[in-house]
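The residues making up each chain are set out below.
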Number of protein chains: 2
Amino acid sequence: MIKTRSLKHVLCLVCSIILNIFFLFKVGGEWNLSWSKTAATEAEAVAAIPCSGHGRAYLDGLVLDGNKGPVCECNTCYGGPDCSQFFPDCSANANGGDPLFLEPFWMQHAASSALLVAGWHRMSYSYDDQSTISKELERHIRKLHDIVGNAATEGRYVVFGAGSTQLLSAAVYALSPDNSSSPARVVASIPFYPVYEMQTDFFQSVDFHFQGDTSFWKNNSDTDTEIIEFVTSPNNPDGQLNTAVLHGPNVKEIYDHAYYWPHFTAIPAPADGDVMIFTLSKLTGHAGSRFGWAIIKDKDIYQRMLTYLTLNTLGVSKDSQLRALKLLKVVLATGGREIFEFGHETMRKRWEKLNKVISTSKRFSLQKITPKYCTYFQQIRGASPAYGWLKCENQEDKHCYAVLQADANITGRQGSIFFAEDRYVRLSLIRSQDDFDLLLDKLNGVVAGEEGARTM
Amino acid sequence: MIKTRSLKHVLCLVCSIILNIFFLFKVGGEWNLSWSKTAATEAEAVAAIPCSGHGRAYLDGLVLDGNKGPVCECNTCYGGPDCSQFFPDCSANANGGDPLFLEPFWMQHAASSALLVAGWHRMSYSYDDQSTISKELERHIRKLHDIVGNAATEGRYVVFGAGSTQLLSAAVYALSPDNSSSPARVVASIPFYPVYEMQTDFFQSVDFHFQGDTSFWKNNSDTDTEIIEFVTSPNNPDGQLNTAVLHGPNVKEIYDHAYYWPHFTAIPAPADGDVMIFTLSKLTGHAGSRFGWAIIKDKDIYQRMLTYLTLNTLGVSKDSQLRALKLLKVVLATGGREIFEFGHETMRKRWEKLNKVISTSKRFSLQKITPKYCTYFQQIRGASPAYGWLKCENQEDKHCYAVLQADANITGRQGSIFFAEDRYVRLSLIRSQDDFDLLLDKLNGVVAGEEGARTM
């Protein structure tokens, strides 16, 4: 009797000790978390809100009356409280350049990319060295360019901006003459990113004016007036690796390399321009963080850009810089391999699918991008541009945007926005998988309906 | 024998069960944290780095070779690996407006102000409603103004900017005429915040020019030219509740209310200007986050400011907006009571101490600020300005900045920077406690050394 009871006690003891050990292992070092616990719990709770794979809830999302957590924010054409409703008649969004194709990558890397910000983090205007530029972040950016081989950084200066947007106008200011009787001419090659013109015109400076397409200035004999040429490589909208068109002692280039990453293009060689602009938006996909950087050869230009950025915004948010650092650490952990393989694979597949549909059409065509040797992947890689530059081939389809709207229920972006013919439309391929799938589906429909379309 | 052994087993079992219960309670809901754990642990480890109370380590601080964590970043005049070394000969920094007086508040509110950002948080350029302005944050800002009673928000529009810095120039652009033959005159009342002039001149727009002090334009009969008057209330540098000086159909005001919070001034009534600018920097002390907002009466002006902010930076970093929301939630949790009592008490004490020293001096004097009834605290509150506006009274002390440097080893900011006489110096009172203590100590020294100084 006593023996049986004793045996029971031993059994209970063993169970309890196993539980002790389980707790010790399960809990790990975590049981000593203190002030960070609430924030961590809150973030995990929001991330766990089910949105059917067609949306996600955010920490700062709308909280409806009666709800405990924020609402699901659904992808285009999805709705309902958990984004499970699909609206088949809704227009496919191929308009904006939201780089959500990388969102799944970050969801897969939740642990390494999460960031806990203390309430007292970096309250100062400046870092310890009195600059507004995080030296740790700058070091990581230089390291990334070295590894990817897409830009020369040695001996160059680096400034940070609120995305490439702010840096583009900072560069124009820095390269323009001061109080000259002839303001600088700002030009770009059609088709080009419209912000170049919008910024230059809106800020109405006495020091520069937008003067349209580079072709007007090719045989220009006036070498007294400074010319600032935007060179976008790969180009937005058509993905071509553009080079400078104008040359001469009075010509300066601003290289917009937003898309010069292995996601979107082969990297033939490190870019080497005097002023080169990059952005986190098209590297990690974090457009919302508004973080970009410029690599500058000349010290004087660097100083002028820095002055612009200081007077404009007193530098870039320390919160964005901290976030960028965290994300770049994840990118660098595998020498960029994981994110660039993910990015390139996603974009290449999308481009192939798009081409497959369009190749059966007589009505539409796409730009041609020749595969090139990529020094980063060390092999020839298929094209994977960020945008399709679609052309309506029929004589009467002068307004390709309207054609796509009416016949396919697709919203692209008009060619005229890029100063090209409206026979062209830009189709964004970097949005969410839902957006791309819908675009492809609607394109399939309209192409299949073509009279005499080639059968697939 | 068996009985004793059985008793031992029971004792062990009880201990083990107690340990399990301890684990359950200690760990609480935390043991089911997953992907957020690493980030939380990392942040707590950095926060635990000991910097002797004269500095702090940051997540994105420099990591020296051989060190595991980032280095301590020390307050001015402190150094060494743990900031424990004091350099008594070092100059007291009363120069910049770094609002670190609020840092201890956030350290005391570590749990409620911590923020965990998921890797995929807000990658889009815009929020769900296609704007670049978080509706949740806007709602909290409006609520805060309602509670504090420092600004009318009903029926007004709100835009966000990268601190007040970006909003100041956005407002000038928005209020200037387009392509008019006579550009707007931008003016302010001396002494004024120099950024008004620096921005206006640097951006060299055809639409506006800086035209100095308001007094020149008081009796101006030219009503065809638009005038934009900066009204800073409380004023930087002298803390006065300025009102508009110029009036007329061609005069528009930009109200810079950066310091219109109970920390720095009594709140006599809600501000009601057409364009009012606020910033997180001087409310929560997070200057590094570069977040500010404008409250605008007129829809057209609102649209123009929005266009500026969009073309300039595509709106404000979503990371800054998320951080601002978190901080405002802490502020609002007690209806502002905790932070404003902390802020006002800190600033009032500093002002009193400064006055006590200066009142014994014949050589220096300070601006007078009359206590006013504060509708927020519902009582008359003593003055608590952000800056001392110090005057050197001796005829020969024309360069008060140099006098303070040479005789007291204090670095202030020259009066001429604010377009006033160099007989004045601005002393920043909003910096860290270390900076203020050092300033006071050095002032005490120089005043005590005055010939015939009144004894305290």
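Residues numbered from 1 in each chain as written. Chains lettered and ligands numbered in written order. Predicted model: local features only at pLDDT ≥ 70, side-chain atom pairs only at ≥ 80, totals over all residues. Heavy atoms only, no water.

Here's the deal with the overall build of chain A
Secondary structure summary: chain A contains 12 helices and 20 strands in total. Taking the principal axes of its C-alpha atoms as reference, chain A extends roughly 110 × 65 × 50 Å. Put simply, chain A has 456 residues, and 60% of those count as buried. Of the contacts formed within chain A by residues at least 6 apart in sequence, a portion of 70% connects residues at least 24 apart. Element-wise, carbon and sulfur atoms account for 54% of the exposed surface of chain A, whose accessible area totals about 18100 Å². Computed over 44 positive and 49 negative side-chain charges, the inter-centroid distance for chain A is 9 Å. (Helix = DSSP H or I, 4+ residues; strand = E, 2+ residues; numbered from the N terminus. Buried < 20%, exposed > 50% of the residue type's maximum accessible area, 1.4 Å probe, protein only. Contact = heavy atoms within 4.5 Å. Areas by Shrake-Rupley, 256 points an atom, 1.4 Å probe, with all protein chains shown as cover. Lys, Arg positive; Asp, Glu negative; His and termini not counted. Charge placed at Lys NZ, Arg CZ, Asp CG, Glu CD.)

Let's talk about the relation of the copies chain A and chain B
Take chain A, turn it by 180 degrees, move it 0.1 Å along the axis, and it overlays chain B with an RMSD of 0.2 Å. Taken together, the turn and the small shift mark the pair as related by a two-fold rotation axis. Interface residue correspondence from chain A to chain B reaches 99%, placing this contact among same-surface, isologous pairings. (Least-squares fit on C-alpha atoms with pLDDT ≥ 70 in both.)

Considerations on the pattern of salt bridges
All names here are of chain A. All told, the structure shown has 42 salt bridges over all chains when counted by the stated rule. For the salt bridge of R304 with D178, the shortest nitrogen-to-oxygen distance reads 3.2 Å. With R304 in helix 8 (residues 299-313) and D178 in the loop between helix 6 (163-175) and strand 8 (184-188), this pair connects stretches of sequence that are 126 residues apart. Classification of R304 as partly exposed rests on a relative accessible area of 22%. Under the relative-accessibility criterion, D178 is labelled partly exposed at 48%. Note that R348 is salt-bridged to E352, the shortest N-O span being 2.7 Å. Of the two residues, R348 and E352 both sit in helix 10 (residues 337-359), four residues apart, roughly one turn of that helix. Because the salt bridges share partners, they merge into one network encompassing D129, K135, E138 and R142. (Salt bridge = Lys/Arg side-chain N within 4 Å of Asp/Glu carboxyl O.)

Considering the interface of chain A and chain B
With 110 residues of chain A in contact, the opposing surface of chain B contributes 110 residues. In this structure, R323 of chain A engages D319 of chain B in a salt bridge whose closest nitrogen and oxygen atoms are separated by 2.7 Å. In this structure, the connection of chain A to chain B is made through 55 residue pairs in polar contact (both at pLDDT 80 or more). If you tally residues by element for the side of chain A that touches chain B, the top one is helix 1 (residues 2-27) of chain A, at 15 residues. Its residues placed into classes, the side of chain A that touches chain B shows 51 nonpolar, 36 polar and 23 charged. Across three bridges, strand 6 (residues 115-117) of chain A lies against strand 6 (residues 115-117) of chain B in antiparallel orientation. In the strand pairing of strand 6 of chain B, L116 of chain A is matched with L116 of chain B. (Polar contact = N/O pair within 3.5 Å; in protein donor to acceptor, adjacent residues only side chain to side chain. Nonpolar A, V, L, I, M, F, W, Y, C, P; charged D, E, K, R; others polar. Pairing = 2+ DSSP bridges.)

Here's the deal with helix 5 (residues 135-148) of chain A
Residue and element names in this part refer to chain A. Counted at 1.5 Å a residue, the expected span for helix 5 with its 14 residues is 20 Å, and the 20 Å between its end C-alpha atoms agrees. For helix 5, the full list of buried residues reads E136, L137, E138, H140, I141, L144, H145 and V148. Buried residues along helix 5 sit against strand 7 (157-161), strand 12 (275-279), strand 13 (292-296), helix 9 (318-333) and helix 10. (Expected span 1.5 Å × (residues − 1).)

Remarks on unusual backbone geometry
A cis geometry characterises the amide bond from I190 of chain A onward to P191 of chain A, with omega recorded as 0 degrees. Secondary-structure assignment places P191 of chain A in the loop between strand 8 and helix 7 (195-202). The omega torsion across S233 of chain B and P234 of chain B is -5 degrees, close enough to zero to call that bond cis. Its place among the elements puts P234 of chain B in the loop between strand 10 (227-232) and strand 11 (251-256). In this structure, Q130 of chain B is a non-glycine residue whose phi angle is positive, near 70 degrees. On the basis of relative accessibility, which here comes to 62%, the residue Q130 of chain B falls in the exposed class. At Q378 of chain B, a residue that is not glycine, the phi angle is positive and equals roughly 55 degrees. As for its placement among the helices and strands, Q378 of chain B is situated in the loop between strand 15 (372-374) and strand 16 (379-381).

Quick notes on the domain arrangement of chain A
Looking at the assigned domains, one finds that chain A contains domain 1 (43-90), domain 2 (93-102 + 337-448) and domain 3 (135-333). On a C-alpha basis, the centres of domain 1 of chain A and domain 3 of chain A stand 36 Å from each other. (Domains from an automatic or database assignment.)

Thoughts on the side chain of Q166 of chain B
Of note, Q166 of chain B is situated in helix 6 (residues 163-175). Look at Q166 of chain B and you get buried, because its relative accessible area is 1%. Looking at Q166 of chain B, its side chain comes within polar contact range of the main-chain nitrogen of A162 of chain B, at 2.7 Å. A distance of 3.0 Å separates a polar atom in the side chain of Q166 of chain B from a polar atom in the side chain of T313 of chain B. If we ignore the near neighbours within four places in the chain, the residues touching Q166 of chain B are N312 and T313 of chain A together with G161, Y308, L309, N312 and T313 of chain B.

Observations regarding the sheet that holds strand 20 (residues 424-428) of chain A
Strands pair in a sheet through their backbones, by hydrogen bonds, and they do so in one of two ways: parallel or antiparallel. Residue and element names in this part refer to chain A. In spatial order, the strands read 14-17-20-19; together these four strands make up an open sheet with antiparallel pairing. Each of the sheet's edge strands pairs with one partner strand only, and the pair in question is strand 14 (364-365) and strand 19 (413-414). Where strand 14 lies against strand 17 (residues 387-392), two bridges are found, and the strand directions are antiparallel. By the bridge assignment, F364 is partnered in strand 17 with C392. Along the sheet, helix 10 makes contact with strand 14 and strand 17, crossing strand 17 at roughly 10 degrees. (Axes fitted to C-alpha atoms, helices over the stretch in contact; angles between N-to-C directions.)

Notes on empty space enclosed by the protein
Enumeration over the complete set of coordinates arrives at 12 cavities of 30 Å³ or more. Around the largest cavity sit 17 residues that line it, and A162 and S317 of chain A together with A162, V316 and S317 of chain B are the ones nearest its centre. Its residues assigned to classes, the lining of the largest cavity shows four nonpolar, 11 polar and two charged. (1 Å grid on protein atoms, 1.4 Å probe; cavity = no way out; pocket = protein on both sides within 12 Å on 5 of 7 lines; lining within 4 Å. Points joined across faces, edges and corners; volume = space filled by probe spheres on them.)

A short note on the packing of helix 8 of chain A against helix 6 of chain B
If you want to describe how two helices pack, look at the angle between their axes and the distance between the axes. Running from amino to carboxyl end, helix 8 of chain A crosses helix 6 of chain B at an angle of 90 degrees, the nearest separation of the two axes being 6 Å. Taken together, the axis directions place helix 8 of chain A and helix 6 of chain B in an arrangement best described as roughly perpendicular. Between helix 8 of chain A, through T310, L311, N312 and T313 of chain A, and helix 6 of chain B, the contact on the second element is made entirely by T165, Q166 and S169 of chain B. Here the contact of helix 8 of chain A with helix 6 of chain B is composed, by residue class, of one nonpolar, six polar and no charged. (Parallel < 35°, antiparallel > 145°, perpendicular 65-115°, else oblique.)

A short note on the sheet that holds strand 11 of chain B
Residue and element names in this part refer to chain B. On the basis of which strands lie adjacent, the open sheet formed by seven strands has the order 7-13-12-11-10-8-9 and mixed pairing. Strands with a single pairing partner mark the edges of an open sheet, and in this sheet they are strand 7 (157-161) and strand 9 (208-213). On average, adjacent strands in this sheet sit at an angle of 25 degrees to one another, irrespective of strand direction. Alignment of strand 12 (residues 275-279) against strand 13 (residues 292-296), held across five bridges, turns out to be antiparallel. Bridge pairing in strand 13 places F278 opposite W293. In the packing of helix 5 (residues 135-148) onto the sheet, contacts are made with strand 7, strand 12 and strand 13, and the angle to strand 7 comes to roughly 115 degrees. On top of the sheet, helix 8 (residues 299-313) reaches strand 7, strand 12 and strand 13; it is set at about 20 degrees to strand 7, its chief contact.

Some points on the environment of E451 of chain B
You can see E451 of chain B is positioned in the segment after helix 12 (433-448). Put simply, E451 of chain B and Y125 of chain B are 326 residues apart on the chain and 64 Å apart in space, counted from C-alpha to C-alpha.

Quick word on the UniProt feature "domain: Alliinase C-terminal" (unreviewed entry) in chain A
If you check UniProt for "domain: Alliinase C-terminal" (unreviewed entry), the listed places come out as residues 92-445 of chain A in our numbering. The distance from the first to the last C-alpha atom of residues 92-445 of chain A is 12 Å, and the span holds 34% helix and 19% strand. (UniProt positions renumbered as here; feature names shortened; annotations may be inferred.)

Section: the packing of helix 9 of chain A against helix 9 (residues 318-333) of chain B
The N-to-C vectors of helix 9 of chain A and helix 9 of chain B enclose an angle of 115 degrees; their axes lie 7 Å apart at closest approach. The way helix 9 of chain A lies across helix 9 of chain B gives a crossing that is right-handed. Of helix 9 of chain B, the residues touching helix 9 of chain A (which contributes D319, S320 and R323 of chain A) are D319, S320 and R323 of chain B. (Left-handed = near helix turned anticlockwise from the far one by under 90°.)

Regarding the state of the cysteines
Residues and elements named next belong to chain A. Applying the stated criterion across every chain, the model contains eight disulfides over all chains. The disulfide that involves C77 links it to C90, with 1.9 Å between the sulfurs. Taking the sign of the S-S torsion, -70 degrees for the link of C77 and C90, the bridge is left-handed. Pair noted here: C77 is in the loop between strand 2 (72-74) and strand 3 (78-79) and C90 is in the loop between strand 4 (85-86) and strand 5 (92-93), with a separation of 13 residues, a long-range link. For the residue pair C77 and C90, the accessibility class agrees, reading buried in each case. (Disulfide = S-S within 2.5 Å.)

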